[in-house]
Amino acid sequence: MTMVQNDHALRLKDLRLFQGSKQLFSIDATVKPGEVLTIMGASGSGKSTLLNLISGFLAPSFSFSGRVILDGVDISEVPPEQRKVGLMFQDPLLFPHLSVEENLLFGLPAAGTKHERCERVRSALDAVHMADLGERDPLTLSGGQQSRIALVRVLLSEPKALLLDEPFSALDSGLREKVRQFVFAQAKAKKLPTLLVTHDQADAESSGGQIITL
Amino acid sequence: MQTRNKGWGDPLILAPVVMIIVLTGPLLAGLAGVVLPAIGYFPSLGGNQITTEFMREVTLKPGFWHSVHLSIWIGLATTFISLALVTSFFASSRGTTLFNRITRFVSPLMSVPHAAAAFGFAFLIAPSGWLVRLVSPWATGFDHPPDWLIINDPMGQALLFGLVLKEIPFLFLVALSVSSQINVDERLQVARSLGYGRVWAWFTVVFPALYKQMRLPVYAVIAYATSVVDVSLILGPNFPAMLPVQLLRWMNDPELEMRFVAAAGAVWQLGATLFAILVWRLGEELVAYMGRRATINGHRHQNDRWFRFSANTLITGVVIISLLSFVILAIWSLAGFWRFPDALPVQFTSKKWIASAGALWVPVINAMLIAATATSISLFLTIACLENEYRRDIEFTPAALRILYLPLIVPQIAFLFGISVLLVRIGWDGSFWPVALAHSIFVLPYVFLSLAAPFRSFDRRYLRVATSLGQSQNRALLAVRLPMLLKPILLATALGMAISIAQYLPTLLIGAGRVPTITTEAVALAAGGDRRLIGVYALVQTLLPAIGFLAAVMIPRLTYPNRKFFR
């Protein structure tokens, strides 16, 4: 492995994605902690596949060359559950059979007693002013609340990077800006390198980072 | 180039292999177990010379050819009438209020065991049955039951209609599930906007695509109806009986020499079923040829009022008769003194229920244990297979799907006899596990087919979220996917239990009569003719699967009382 310092950055080193022998795209970029890199592209350009590659869910019909380095560690071949890469999709995907609190406990690593874990979840909810939602059925929350809970769930899992797959496009335009600010602020506060995939120009602009078009 | 975590990946890869062994192993062993004795090879009975003697000898049994013809005829006619009624109704009324109303009855009717439905039907249409009573004496003038041979008629018509009643719900559900996969509405819109009538549009642009995917279930109906034993014992002709009933008599013959004859008969049964399917296959070609010509001749067939009216009436009639069969079972089980032309008994009494309670325990518990075991095995294999598909990103090919239908298309009686012969040799006949395993062969296809669609269409992003939160694939399966699929899993369980509870031949032949279940006990009552006792047994037989379906609906609400997702 090449010499890289543990700088909390997400590096995509000369990454090339292939479907069969056809190259879909190549990318070489570094996302520093707290920064947002926005990837734009038409549907079918392979931007979601890039996220699958980084998070470890690449379908067998694809292959790649290059490396994905997170915090100085090459994670290109690491199983997805050990990559510490948090994912957010267009839909919040809260588990509908669990309560809000149980969803968050699911995200939290196993360390600590049951009581301590519940405390951590409660203070995380409290920090984002949603303390009273813990007992609720996720499907009874508004779209904006669900998105924010989904982000809290990801953050509780202590990721080292954040991947956002058009996470705001399902929200109506009034809410979109609010949730967007919330997500970016949280990512910045936690100093997470963040990769945002979108086709919405406003998303890209409000992220304030570099923009790459596939 | 890339590594993916497989969780239990390595053992999981065995799942499809185990499944194929479960589906084909006993089948092949069983077929060997009949084909070898049929050609004279049966060392423990001193048969070690290959001979065609038995294959010829069995054809000389009185009424043999009549039995063969009867089986082929019943198989083809049952399938044709059932399919014609179901497709006509779909063509006439899919999407209407009536259709939705009928649909609600179909799943419960499908879960009624064949034998119970046959008893109920017999109690309705017999000369002394409820239908005649309801119109006597005021309309018919009968003071005594008329001397008509309706049940067990030599032409097998009671059997034919009894089978049609049970096969309609099955084909209905199959057509319903296929319809959801072939964008029926768009096809119909195109054809109807070109001026084609509703029914004709359905038959020309929907039916071909629908039938293509219904073919294996239809063949399963043909195979079932050519070789059914329990319904034949209740409704079918006696002298001569259907071929499978004859076979069962020979198999149970105390004279060991008859084993060779029975095995030869089983081979003929295979031939009869295969012949019926071949005839049907030729019929398919003929219909396709004529259909294609009729499709392109430009006639719009807009006036289909009478067709729709007849189809709707017939299907409604089928549902009403099925429901009445159930009611009459309940009435007989509680009937006190009941003189002939009276529409209802003079008084109701729970005497028969109380008297049979003690005798019902063992067969009910046996049936439940066997059903629970066979269904658990089937569920485990099905989930392992489907999860393996997901982790390896593969799917069953159509060829593999055919294997799933194999146990439903090869006549039960043909290979179960072979298995029982083998089991006797190793001394495992008449015990619980072989019976439960034999049931799994028939339960597995239904459990797999009912669970596959919801499992495959599960939103994979939930699993990716779970995994990227740091949970293993196994945790994602156990804590996210399976709980979220609770409803379809419970429905598949209830279906599997219902299929197992209704099994007659596997219980009888593999259990060697020593593992009585509610179904074998109920069918055994057919010869006795005690309607009150039959009412009790058939009703219990019907209620057991019903409890399963009720539980499948209730459990998600009880385990997750506050979750919108499970409502």
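Here the structure is a predicted model, which is why all the values come from computation and not from measurement.

**Some details on the overall build of chain A**
- If you tally the helices and strands in chain A, you get 6 helices and 9 strands.
- Taken over C-alpha atoms, the radius of gyration comes to 17 Å for chain A, in line with the 17 Å a tight globule of 214 residues would show.
- Summarising its shape, the C-alpha atoms of chain A cover approximately 50 × 40 × 30 Å along the three principal directions.
- Taking all 214 residues of chain A together, 42% fall into the buried category.
- Contacts in chain A between residues at least 24 apart in sequence constitute 72% of all its contacts with a sequence separation of at least 6.

**What to know about the sheet that holds strand 2 (residues 22-31) of chain A**
Residues and elements named next belong to chain A.
- Reading across from one edge, 2-1-4-5 is the order of the 4 strands in this open sheet, with antiparallel pairing throughout. Whereas interior strands pair on both sides, the edge strands pair on one side only; in this sheet they are strand 2 and strand 5 (73-74).
- In the sheet, strand 4 (residues 62-70) pairs with strand 5 via 2 bridges, with the strands oriented antiparallel. Counterpart to Leu70 in the pairing with strand 5 is Val73.

**Overview of the interface of chain A and chain B**
- Listed as interface residues are 27 residues of chain A and, on the opposing side, 24 residues of chain B.
- Only strand 4, strand 6 (85-88) and helix 2 (100-107) of chain A provide two or more residues apiece to the side of chain A that touches chain B.
- At 3 residues, strand 6 of chain A tops the list of elements feeding residues into the side of chain A that touches chain B.
- Along the lines of polarity and charge, the residues of the side of chain A that touches chain B split into 16 nonpolar, 7 polar and 4 charged.

**So, the nonpolar core**
- By size, the foremost hydrophobic cluster in this structure holds 159 residues, and its most contacted members are B:Ala115, B:Phe119, B:Ala266 and B:Phe417.
- Tallying contributions element by element places helix 10 (residues 198-227) of chain B first for this core, with 17 residues.
- When residues of this core are sorted by domain, at least three fall in each of domain 1 (1-51 + 350-567) and domain 2 (57-349) of chain B.
- Grouped together as the second largest cluster of nonpolar side chains are 59 residues, A:Leu37, A:Phe95, A:Leu192 and B:Val480 included.

**A word on the environment of A:Val85**
- With respect to the helices and strands, A:Val85 occurs in strand 6.
- Judged by the 28 C-beta atoms lying within 10 Å of it, A:Val85 falls in the buried class.
- C-alpha of A:Val85 to C-alpha of A:Ala170: the two residues are 85 residues apart in sequence and 22 Å apart in space.
- Not counting chain neighbours up to four residues away, the residues in contact with A:Val85 comprise A:Ile54, A:Ser55, A:Leu70, A:Pro159, A:Ala161, A:Leu163 and B:Ser468.

**Focus on unusual backbone geometry**
- For the bond running from B:Phe239 to B:Pro240, omega is -5 degrees, close enough to zero to count as cis.
- Position of B:Pro240 among the secondary structure elements: in the loop between helix 11 (230-235) and helix 12 (243-251).
- Of note in this structure, A:Asp71 is not a glycine but carries a positive phi near 55 degrees.
- Positionally, A:Asp71 belongs in the loop between strand 4 and strand 5.
- At A:Glu166, a position not held by glycine, the phi torsion is positive, near 45 degrees.
- As for its position among the elements, A:Glu166 is in the loop between strand 7 (161-165) and helix 5 (173-189).

**Points about the confidence of the model for chain B**
Residue and element names in this part refer to chain B.
- When pLDDT is averaged along chain B, the result is 90; 98% of the residues meet or exceed 70.
- Within chain B, the lowest mean pLDDT, 71, falls on helix 1 (residues 9-12), and the highest, 96, falls on helix 4 (residues 64-93).
- Low pLDDT, under 50, characterises residues 1-8; the stretch is placed with 17 contacts to residues that sit more than four places away or in other chains.
- Taken together, the chains of this predicted complex give a pTM of 0.89 and an interface ipTM of 0.86.

**Some thoughts on the pairing of strand 4 of chain A**
- Where strand 1 (residues 10-19) of chain A meets strand 4 of chain A, 8 bridges bridge the pair, whose relative direction is antiparallel. Residue A:Gln19 lies in a different strand from strand 4 of chain A, and its bridge partner there is A:Phe62.

**Description of the UniProt feature "domain: ABC transmembrane type-1" (unreviewed entry) in chain B**
- Here the UniProt feature "domain: ABC transmembrane type-1" (unreviewed entry) sits at residues 364-555 of chain B.
- Secondary structure content for residues 364-555 of chain B is 82% helix and 0% strand, and the end C-alpha separation is 22 Å.

**What to know about the packing of helix 2 (residues 14-38) of chain B against helix 16 (residues 398-409) of chain B**
Residue and element names in this part refer to chain B.
- At a minimum axis separation of 9 Å, helix 2 and helix 16 run at an interaxial angle of 40 degrees. By the angle between their directions, the pair helix 2 and helix 16 is classed as oblique. Crossing angle aside, the handedness with which helix 2 passes helix 16 is left-handed. Contact residues: Ile20, Leu23, Thr24 and Leu27 in helix 2; Ile403, Leu404, Leu406 and Pro407 in helix 16.

**Some remarks on the environment of B:Ser232**
All names here are of chain B.
- Within the secondary structure, Ser232 is located in helix 11.
- Considered as a pair, Ser232 and Pro26 are 206 residues apart in the sequence and their alpha carbons are 25 Å apart.
- Among residues more than four places away in sequence, those in contact with Ser232 are Leu159, Ala241, Met242, Pro244 and Val245.

**A look at the packing of helix 2 of chain A against helix 4 (residues 143-156) of chain A**
Residues and elements named next belong to chain A.
- Viewed as axis vectors pointing N to C, helix 2 and helix 4 meet at an angle of 30 degrees, and their least axial separation amounts to 7 Å. Relative to helix 4, helix 2 is oriented roughly parallel. Crossing hand, helix 2 versus helix 4: right-handed. Taken together, the residues of helix 4 that come into contact with helix 2 (itself represented by Val100, Asn103, Leu104 and Gly107) are Ile149, Val152, Arg153, Val154 and Leu156.
- Per-class residue counts for the contact of helix 2 with helix 4 are 6 nonpolar, 2 polar and 1 charged.

**Overview of the domain arrangement of chain B**
Residues and elements named next belong to chain B.
- As assigned here, chain B comprises domain 1 (1-51 + 350-567) and domain 2 (57-349).
- Taken residue by residue, the interface counts 43 residues in domain 1 and 42 residues in domain 2.
- Mapped by element, the contributors of at least two residues to the side of domain 1 that touches domain 2 are helix 2, helix 15 (351-392), helix 16, helix 17 (412-426), helix 21 (486-502), helix 23 (518-524) and helix 24 (531-559).
- Per element, the largest residue contribution to the side of domain 1 that touches domain 2 is 12 residues, and it comes from helix 24.
- Residues belonging to the side of domain 1 that touches domain 2 are distributed by class as follows: 30 nonpolar, 8 polar and 5 charged.

**So, the sheet that holds strand 3 (residues 36-40) of chain A**
All names here are of chain A.
- An order of 6-7-8-3-9 is seen for the 5 strands of this open sheet, with the pairing classed as parallel. This sheet does not close on itself; its edge strands, each paired only once, are strand 6 and strand 9 (211-213). Averaged over neighbouring strand pairs, the angle between their axes works out to 20 degrees when direction is ignored.
- The pairing of strand 7 with strand 8 (residues 194-198) spans 4 bridges and is parallel. Considered in strand 8, the bridge of Leu162 is made with Thr194.
- Helix 4 contacts strand 6 and strand 7 of the sheet and is inclined by roughly 170 degrees relative to strand 6.

Cut-offs and rules
- Residues numbered from 1 in each chain as written.
- Chains lettered and ligands numbered in written order.
- Predicted model: local features only at pLDDT ≥ 70, side-chain atom pairs only at ≥ 80, totals over all residues.
- Helix = DSSP H or I, 4+ residues; strand = E, 2+ residues; numbered from the N terminus.
- Rg over C-alpha atoms; globule rule 2.2 N^0.38 Å.
- Buried ≥ 20, exposed ≤ 12 C-beta atoms within 10 Å, placed from the backbone.
- Contact = placed C-beta atoms within 7 Å.
- Pairing = 2+ DSSP bridges.
- Nonpolar A, V, L, I, M, F, W, Y, C, P; charged D, E, K, R; others polar.
- Core = buried A, V, L, I, M, F, W, Y, C linked by C-beta atoms within 7 Å.
- Domains from an automatic or database assignment.
- pLDDT = per-residue confidence, 0-100.
- UniProt positions renumbered as here; feature names shortened; annotations may be inferred.
- Axes fitted to C-alpha atoms, helices over the stretch in contact; angles between N-to-C directions.
- Parallel < 35°, antiparallel > 145°, perpendicular 65-115°, else oblique.
- Left-handed = near helix turned anticlockwise from the far one by under 90°.

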